[in-house]
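As a plain string of letters, each chain reads:
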Amino acid sequence: MAGRGLGSGEAGLNDTFGGMLFSQVGHHIFIPIQLLASCKLSRVRFYIQVPPNTTGRASLTLRVTTTPSYYAGEETNPPTPLPEFNLQTTNPANSDPTHWTTFMHEIDCGDLGVSGSDFTKMAFASVIMSETASKAVVFPGVKVAYKRTQVAV
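Note that the coordinates shown come from a computational prediction; the quantities given were computed from them, not determined experimentally.

Each value, and the rule that gives it
Residues numbered from 1 in each chain as written. Predicted model: local features only at pLDDT ≥ 70, side-chain atom pairs only at ≥ 80, totals over all residues. Heavy atoms only, no water. Helix = DSSP H or I, 4+ residues; strand = E, 2+ residues; numbered from the N terminus. Buried < 20%, exposed > 50% of the residue type's maximum accessible area, 1.4 Å probe, protein only. Areas by Shrake-Rupley, 256 points an atom, 1.4 Å probe, with all protein chains shown as cover. Phe/Tyr/Trp six-rings, centres within 6.5 Å; stacked < 30°, edge-to-face > 60°. Salt bridge = Lys/Arg side-chain N within 4 Å of Asp/Glu carboxyl O. Contact = heavy atoms within 4.5 Å.

(A) Focus on the overall build of the protein. When helices and strands are tallied, the protein shows zero helices and nine strands. Reading the secondary structure of the protein in the N-to-C direction produces β-β-β-β-β-β-β-β-β. In the protein, which comprises 153 residues, the share counted as buried stands at 37%. Element-wise, carbon and sulfur atoms account for 53% of the exposed surface of the protein, whose accessible area totals about 8,300 Å².

(B) Structural detail: the packing of aromatic side chains. Taken as a whole and assessed by the stated rule, the structure comprises two aromatic pairs. Between Phe30 and Phe124, the aromatic rings sit 5.9 Å apart at their centres with planes inclined by 80°, giving edge-to-face as the arrangement. Separated by 94 residues along the polypeptide, Phe30 in strand β3 (residues 28–33) and Phe124 in strand β8 (residues 122–131) bring together distant segments of the chain. On the numbers, 6.3 Å between centres and 25° between planes, the contact of Phe46 with Phe139 is stacked. In this pair, Phe46 sits in strand β4 (residues 39–50) while Phe139 sits in strand β9 (residues 137–148), placing the two residues 93 residues apart along the sequence. Here Phe139 falls in the buried class, since its relative accessible area comes to 1%.

(C) Just the pattern of salt bridges, in detail. Inspection of every chain in the model, using the stated rule, returns four salt bridges. With a shortest N-O distance of 3.1 Å, Glu106 and Arg43 are connected by a salt bridge. Taken together, the residues span a long stretch of sequence, with Glu106 in strand β7 (residues 101–113) and Arg43 in strand β4 at a distance of 63 residues. Between Arg45 and Glu106 there is a salt bridge, with its nearest N and O atoms 2.7 Å apart. With Arg45 in strand β4 and Glu106 in strand β7, the pair connects residues that are 61 residues apart, well separated along the chain. If you follow the salt bridges from partner to partner, you end up with Arg43, Arg45 and Glu106 in one network.

(D) Fine view of the environment of Asp108. Looking at the secondary structure, you find Asp108 in strand β7. The exposure class of Asp108 is exposed, given its relative accessible area of 53%. When the C-alpha atoms of Asp108 and Ser42 are compared, they prove to be 6.2 Å apart, with 66 residues separating the residues in sequence. If sequence neighbours within four positions are ignored, Asp108 has contacts with Ser42, Arg43 and Pro83.

What follows is the structure, given as structure tokens:
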């Protein structure tokens, strides 16, 4: 597999997490992402699917967050937000009565790492719905890419 080895600077999407169905404004989904001691989290790719014959537009905020504490959101250890993206489907989101429409956006995490002895850091992919379509929007989940930082011997 050329271009995917240690030190190549390229990280393949190699793990999948989560999945949910959205139907109302204010839905906020957190999907835990595994952080590996011998790797860095490079990219998180979000997938959103709109059902056939959907007349309204959907607006979603896609975000990756990390927390230095096992207890996410502690006042003394607040979560650290990474880059976010606002995804908006067209209006109508999908007027075709027979086909689903898939939207995808990838967030660069800047090689988020965790040390071999730090078992408290957690990362989450989150999606917040701020505007709803006429039908429930499906969030199949996220795919993540890791860059290996150590080679097992």
